[in-house]
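Topology and contacts: notes
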Amino acid sequence: MRVLLIEDDAVLAASIAKHLKTHAFAVDIASDGIRGEELAKISPYDVIVLDVLLPHQNGWTTCTNLRRDKLMTPILMLTALGEVEDRIKGLDSGADDYLVKPFHVGELLARLRSLARRGTEVRTATLERFGLRLDLNLRRAEREGRAISLTAKEFSLLELFMMNPDRIVTREEISEHLWDMNFDPRSNVIESFVRFLRRKIDRDFSHSLIHTVRGAGYVFAEQEP
């Protein structure tokens, strides 16, 4: 999952980004509202975490501008302002959710996962495809009842595949959703992660579920395309 964090407190932003990255989130950071708005419009994000009290352009204005320009990426407003009027103002500006500082990182992670599922076909906390099952809350994977141990990044990659069954998922899509703007598209990191994931989910089973389409990307399907 790729997240845009718009937060001017450098220490807090670094702390949030560190926690998110340990759970396989790709995180880009903007320190003011204008820069945040620019990044939101030029790069695809699954969720935007938006502070209210920002330099140059506050979070309410940033959120309003993004919605005015038809950008419908889920937005979580993050602020020290806890008054009901402030929450109402944030929601009225187009935000999808509101989290007041200080907060528990576990709640932030849960809210981000929930927001990222909105607007997709996923309406529950569980994905099931071709005998594979992912519990998105407990971060557990199993195939035909057999538990599969995955790293955080492998889990996120498998989640992306399972949300797009029977269609080609390109390298660009994978990099945009799992890595931040510093990712080197010339590297073989994606191929390596796909190889590791394929070994884990296909081990001791008669057929593979992740198929390579040369020059195009990968397909998650029961049969090779």
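How each quantity is defined
Residues numbered from 1 in each chain as written. Predicted model: local features only at pLDDT ≥ 70, side-chain atom pairs only at ≥ 80, totals over all residues. Heavy atoms only, no water. Helix = DSSP H or I, 4+ residues; strand = E, 2+ residues; numbered from the N terminus. Buried < 20%, exposed > 50% of the residue type's maximum accessible area, 1.4 Å probe, protein only. Contact = heavy atoms within 4.5 Å. Core = buried A, V, L, I, M, F, W, Y, C linked by side-chain atoms within 4.5 Å. Phe/Tyr/Trp six-rings, centres within 6.5 Å; stacked < 30°, edge-to-face > 60°. Salt bridge = Lys/Arg side-chain N within 4 Å of Asp/Glu carboxyl O.

1. Overview of the side chain of Asp 202
Among the secondary structure elements, Asp 202 is positioned in helix H8 (residues 189-202). Taking the relative accessible area as the measure of exposure, Asp 202 reaches 11% and is therefore buried. If sequence neighbours within four positions are ignored, Asp 202 has contacts with Arg 143, His 207, Ser 208, Leu 209 and Ile 210.

2. Thoughts on the environment of Arg 146
Within the secondary structure layout, Arg 146 lies in strand S9 (residues 146-148). In this structure, the C-alpha to C-alpha distance between Arg 146 and Arg 133, residues 13 residues apart in sequence, is 9.7 Å. The contacts of Arg 146, once residues within four sequence positions are left out, are Ala 141, Arg 203, Asp 204 and Phe 205.

3. So, the nonpolar core
Residues Leu 158, Phe 161 and Ile 174 are the most contacted members of the largest nonpolar core, which totals 26 residues. Of all the secondary structure elements, the ones that give two or more residues to this core are strand S7 (132-135), helix H6 (152-162), helix H7 (171-178), H8 and strand S12 (217-220). Per-element tally for this core: the top contributor is H6, with six residues. Residues within four places of Phe 161 in sequence aside, it is in contact with Val 169, Ile 174, Val 194, Leu 197, Ile 210, Tyr 218 and Phe 220. Within the second largest apolar cluster, 19 residues are counted, among which are Leu 20, Val 27, Leu 108 and Ala 116.

4. Digging into the packing of aromatic side chains
Here a ring pair, both rings aromatic, is described through the centre-centre distance and the interplanar angle of the planes. Counted under the stated rule, the structure contains three aromatic pairs. On the numbers, 5.3 Å between centres and 40° between planes, the contact of Phe 130 with Phe 220 is tilted. With Phe 130 in the loop between strand S6 (126-129) and S7 and Phe 220 in strand S12, this residue pair connects regions lying 90 residues apart in the sequence. The partly exposed category is assigned to Phe 130, whose relative accessible area is 22%. Note on Phe 161 and Tyr 218: the rings are 6.3 Å apart at their centroids and 70° apart in plane angle, and the pair reads as edge-to-face. Here Phe 161, found in helix H6, pairs with Tyr 218, found in strand S12; they are 57 residues apart in sequence, far enough to count as distant. A relative accessible area of 0% places Phe 161 in the buried class. Look at Tyr 218 and you get buried, because its relative accessible area is 7%.

5. Concerning the pattern of salt bridges
As enumerated under the stated definition, the model contains 17 salt bridges in all. We note a salt bridge from Asp 96 to Arg 67, for which the minimum N-O separation is 2.8 Å. Of the two residues, Asp 96 sits in the loop between helix H4 (84-92) and strand S5 (97-100) while Arg 67 sits in helix H3 (residues 59-68), which places them 29 residues apart along the sequence. With relative accessibility at 32%, the residue Asp 96 sits in the partly exposed group. The partner of Glu 107 in a salt bridge is Arg 111, and the shortest N-O contact between them spans 2.6 Å. Highlighted residues: Glu 107 and Arg 111, both in helix H5 (residues 105-117), separated by four residues, approximately one helical turn. Assessed through its relative accessible area of 34%, Glu 107 is described here as partly exposed. One connected set of salt bridges, linked through shared partners, spans Glu 37, Lys 41, Arg 68 and Asp 69.

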